[in-house]
Amino acid sequence: MNTLIFTVAAYLIGSISFAVVMSRAFGLSDPRTYGSKNPGATNVLRSGSKKAAIATLLGDCAKGWFAVWLAQYIGPRYGIEDGGVALVSLAVFLGHLYPVFFRFVGGKGVATALGVLLGLNVWLGLATLVTWLVVAYAFRYSSLAALIAAIFAPFYYGLLFGADEKLFAVIVMSMLLLFRHSKNISNLLAGKESRIGSKAGPAAAAKKK
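These figures come from a predicted structure and were not determined experimentally.

(A) Inspection of the side chain of asparagine 43 at higher detail. Turning to its location among the elements, asparagine 43 is positioned in helix H3 (residues 41–45). Given a relative accessible area of 0%, asparagine 43 falls into the buried group. Discounting residues that sit within four places of it in the chain, asparagine 43 has contacts with Pro31, Tyr34, Gly35, Ser36, Lys37 and Asn38.

Structure follows, in structure tokens:
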């Protein structure tokens, strides 16, 4: 029962869409109405507000970390073991992808996945983050960086900790990340993917008129 409670709580935490919340707080248009229409930090950046994008990134990352932290460091008092931590990790991630508070229309999960990995282990999260940064800096494609980081994350976990229930959760998250980026994969192959920093929000649309 306690595992179920932690899992449901994690899903609800994940369902908080910081892209939407921060856009409203900063007086911006709903990120689901422009650019990629993805409620995530990269799309919020297209609005022209770096502060809102950073706040979105930190919020989405923090909720992933917080849910896993609760399961790993508070959960054992209530009988939460590795299997429960794995379920919580997936639940908070799925909450971001399919948020109950926003009609199950969520983001692609990159920042939340990073938060989950940092919650599982700081070195795991940092290794994945460095992978993202290197690819993003070299190619200027956020989606490509996310795809490669998602592929490497399970390998990093396996090297650090071997095979267990939490590795299974990381593998499932990586597969979902690849699935959620299917359109980006098509755009990358067609040379149509937007680069980091390109503006496709309301402000950019207004300038084109």
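Having put the structure on the table, let's press on.
(B) Seen up close, helix H8 (residues 142–161). End to end, H8 covers 28 Å across 20 residues, agreeing with the expected 28 Å (1.5 Å per residue, within 8%). Roughly 30° is the biggest bend found in H8, and it falls at phenylalanine 152, with proline proline 154 one to four residues downstream. Every buried residue of H8 is accounted for by Ser142, Ser143, Ala145, Ala146, Leu147, Ala149, Ala150, Ala153, Pro154 and Tyr157. Lining the buried residues of H8 we find H3, helix H6 (110–120), helix H7 (122–139), helix H9 (165–180) and helix H10 (182–190). Positioned one or two residues after H8, glycine 162 has a phi angle of 80°, which is positive.

(C) Local environment of the nonpolar core. Counting 29 residues, the largest nonpolar core has Phe93, Leu117 and Leu120 as the members making the most contacts within it. Going through the elements one at a time, helix H1 (2–14), helix H4 (50–74), helix H5 (82–97), H6, H8 and H9 are the ones with two or more residues in this core. The biggest single contributor to this core is H5, with eight residues. Residue contacts for leucine 120: discarding those within four places in its chain leaves Val68, Gln72, Val85, Ser89, Lys166 and Val170.

Rules used in this analysis
- Residues numbered from 1 in each chain as written.
- Predicted model: local features only at pLDDT ≥ 70, side-chain atom pairs only at ≥ 80, totals over all residues.
- Heavy atoms only, no water.
- Helix = DSSP H or I, 4+ residues; strand = E, 2+ residues; numbered from the N terminus.
- Buried < 20%, exposed > 50% of the residue type's maximum accessible area, 1.4 Å probe, protein only.
- Contact = heavy atoms within 4.5 Å.
- Expected span 1.5 Å × (residues − 1).
- Bend = angle between axes of the 7 residues up to and from the residue.
- Core = buried A, V, L, I, M, F, W, Y, C linked by side-chain atoms within 4.5 Å.

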